[in-house]
Amino acid sequence: MGGLPGSAVIDRTQARDLFWLLVYGTALIGLGIGLRDPWPADEPRFVLVAQQMLSSGEWWFPHRGHELYADKPPVFFWLLAASHWLTGGWRGSFLLPSLLAALATVALTWDLARRLWGREVAVWAGGALLVCVHFVFHARSAQIDPTLVLLTTLSLYGLLRHLLLGPDWRWFWAGCFAAGLGVIAKGVGFLPLLVLLPWWLMQRGGWSGLAHMAPGNRLRWGLGGLAFCLALALWLVPVVSIALIGGQPEHRAYLEEILFRQTAVRYADAWMHRQPAWYFLEVIAFAWLPLSLALPWLIRPWRDAWRQADARVWLPLAWAGLVLVFFTLSSGKRDVYILPALPAIALAAAPWLAAVAARPWPRRLGLGLYGFVGLALIGGSVWALTDTPEFAERLVSRRGLDPGFAGIWWLTLVTGAILLLVLVGSARRSFLTALLAAQLVLFASYGLAFYPLLDASSSGRQLMQEARDRAGPETAIGLVGWREQMLLQRVGPVVEFGFSLAHPVQWRRGLTWLGQRPDARALLVEQAQLGSCVDRSAAVDLGVANRRHWWLVPGQAARDCPGNPAAERGTNQVRDAGY
């Protein structure tokens, strides 16, 4: 690891590097924006919540339908609403927060690497994020996690500017404040503050690369905690005040849910996404490709940096290790949980990535990976076009596409062919260029070709339009066992009976509602909840959408299914919500 630390001032050459990184990142992540609506699982839910914020003016207590939505704090919903306000529509706006967050994350990683090691290392640090499939995939989705990654990276950036390049108390306070913002975006935003533990140990151990901290400064350190709490207070104080002063039971239930069950209980005793202890090792090995291919060749330089007690390398690495341990200790695990650690890994790996890329085997593995993907796309497409393999039938069925539609296979065939041509054409020039070009081919094809092809079925728009066409323009449609994309894509009058209620309870309430005006109402029901009393010859089979089979049940099809108000006794009554 050679070279002097980079200058604090960005010169023209460095500015050009960052400019092209961001241009590439914009193309890689942004191509396809405006060509699709929100897709499950999370996107329709978050956009629906933001849509209802805009329409109702209720910004502190998010709603999903007529129920309060207490799974996540509202910061991301505010960003979605702001994007809609700026652009005037959801299609062109709901992916913007994630795009901008990803680009800002790349810029912060690039700048910190530049300050620590110089220009060339900075390019590899930013490029490492953009070739990582995990990072790009989530940056192309309207989920909270890209925003969380930005806030954790901003927090870590501020803390490391102070701990490695400082002292710089203003950046330390900014890092603490960003950690607080991360908490009100998604509860684990405090994680960057864990870097203070290995820093304290390294300082006591006399590690090199640490900023010299004068003794004392207790007040300045304490102001970091105040900055963290101030960020939390921006959301927590208004919400707690409204809940306690207003006296509405649903607001107090919201507080209990989001502050306790969705944070401490979810971590300590997860009720979903249960995975084994080694789960995140699989995520690193496969989801972090092709960056993870470099890890075996990074062991030796990281070992040498440990022997040299180089905090520039091991402080980001130690923090990433703490993030991994933190989430491993919980039984509930998702691949996206450790995504905030990726910029720190890229930062610690960047000084040696150029040397690793120059070695024969990493080049073979990296190019071979994309070559395998290209051949698999071509081979699978040819197989699907010339035969009807089970995987092709299953994919078409799950996507709700016409079984005889061959366009998807021609698109994958062309994508695979272009990918191989790009690899052959760019591999001789530069290994990094080849990886970036291959990555761009895959995600540009996904955004520009597959978004429009799959959107009608994946977004629920096709289902809701067909339900409206079959029901008639004036018929009110009641949703039973509904998903968020159905309410988001509603056409004409629609009623829901609560989202969190058990589906059998929704079905009974729906029957009661249907029985009141059977000639002007119909139920849209998932097949699994369709009662045996329904006359299927009088119902309408709407087929598969989002991996579920749906039926439209008009009043005459449910004439043998009278509503049962007695079955509702002893349950909490929830008002019907019409849209």
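Note that the coordinates shown come from a computational prediction; the quantities given were computed from them, not determined experimentally. (Residues numbered from 1 in each chain as written. Predicted model: local features only at pLDDT ≥ 70, side-chain atom pairs only at ≥ 80, totals over all residues. Heavy atoms only, no water.)

**What to know about the overall build of the protein**
What counts is decided by this rule: Here a helix means four or more residues in a row that DSSP labels H or I, a strand means two or more in a row labelled E, and each is numbered from the N terminus. In this scheme, a residue with accessible area under 20% of its type's maximum is buried, one over 50% is exposed, and one in between is partly exposed, where area comes from a 1.4 Å probe on protein chains only. In this tally, Asp and Glu contribute negative charge and Lys and Arg positive charge; neither His nor the terminal groups of the chain are included. Charge positions are represented by NZ for Lys, CZ for Arg, CG for Asp and CD for Glu.
Of regular secondary structure, the protein possesses 22 helices and eight strands. Relative to its full complement of 579 residues, the protein shows a buried share of 52%. In the protein, 50 side chains carry a positive charge and 37 a negative one; their mean positions are 9 Å apart.

**A short note on the environment of S141**
Selection criterion: Contacts are assigned to residue pairs with any non-hydrogen atoms lying within 4.5 Å of each other.
Along the chain, S141 falls in the loop between α6 (133-139) and α7 (145-163). Judged by relative accessible area, which is 8%, S141 ranks as buried. Put simply, S141 and W507 are 366 residues apart on the chain and 32 Å apart in space, counted from C-alpha to C-alpha. Beyond its immediate chain neighbours, meaning those up to four positions away, S141 contacts R36, E43, L95, S98 and P146.

**A short note on the environment of D469**
Among the secondary structure elements, D469 is positioned in helix α20 (residues 461-471). Sequence separation between D469 and V491 is 22 residues; the distance between their C-alpha atoms is 9.4 Å.

**Brief notes about helix α13 (residues 295-307)**
Note the threshold: One fewer than the residue count of a helix, multiplied by 1.5 Å, yields its expected span.
Given a rise of 1.5 Å per residue, 13 residues ought to cover 18 Å, and the 18 Å separating the end C-alpha atoms of α13 matches this to within 8%. As for α13, its buried residues are in contact with α14 (311-328) and α15 (342-357). In the stretch just after α13, A309 is the one whose phi turns positive, near 55°.

**Concerning the state of the cysteines**
Under the convention used in this document: The rule for a disulfide is simple: a pair of cysteine sulfur atoms within 2.5 Å.
Under the criterion given, the structure shown has one disulfide. The disulfide partner of C533 is C561, and the gap between their sulfur atoms is 1.6 Å. With the S-S bond torsion at 120°, the cross-link from C533 to C561 turns out right-handed. Note that C533 is positioned in the loop between β5 (521-526) and β6 (540-545) and C561 in the loop between β7 (548-554) and β8 (577-578), a separation of 28 residues in sequence. Sulfur of C229: no disulfide; nearest cysteine sulfur belongs to C176 and is 9.8 Å away. Residue C229 is classed as partly exposed on the basis of its relative accessible area, which comes to 44%.

**Here's the deal with the pattern of salt bridges**
Let me state the cut-off plainly: Note on definitions: salt bridges are taken to be side-chain nitrogens of Lys or Arg within 4 Å of carboxyl oxygens of Asp or Glu.
Within the structure shown, the criterion is met by 17 salt bridges. Between D37 and R91 there is a salt bridge, with the nearest N and O atoms lying 3.1 Å from each other. Here D37 is found in the loop between α1 (12-30) and α2 (43-56), whereas its partner R91 is found in the loop between α3 (75-87) and α4 (96-117), with 54 residues between them in sequence. Here D42 ties to R334 by a salt bridge, and the two come within 3.9 Å at their closest N and O atoms. You can see D42 sitting in the loop between α1 and α2 and its partner R334 sitting in the loop between α14 and α15, a full 292 residues away along the chain. Among the residues examined, D42 registers a relative accessible area of 12% and is labelled buried. When salt bridges that share partners are traced, they join D42, R45, R64, R334 and E484 into one network.

**What to know about the nonpolar core**
Condition: The set of buried Ala, Val, Leu, Ile, Met, Phe, Trp, Tyr and Cys residues whose side-chain atoms join them within 4.5 Å is what this entry labels a nonpolar core.
Judged by nonpolar contacts, the single largest core of 112 residues is most densely connected at F135 and L315. No other element matches α15, which puts twelve residues into this core. Every residue in contact with F135, bar those within four places of it in the chain, is listed here: A102, T105, V106, L129, L130, L339 and L342. I144, A471, V494 and L542 belong to the second-largest nonpolar core, a separate cluster that totals 34 residues.

**Details of the side chain of S83**
For S83, the position within the fold is in helix α3. For S83, a relative accessible area of 10% gives the class buried. Sequence-distant contacts of S83, defined by excluding residues within four places in its chain, comprise S93, L96 and P97.

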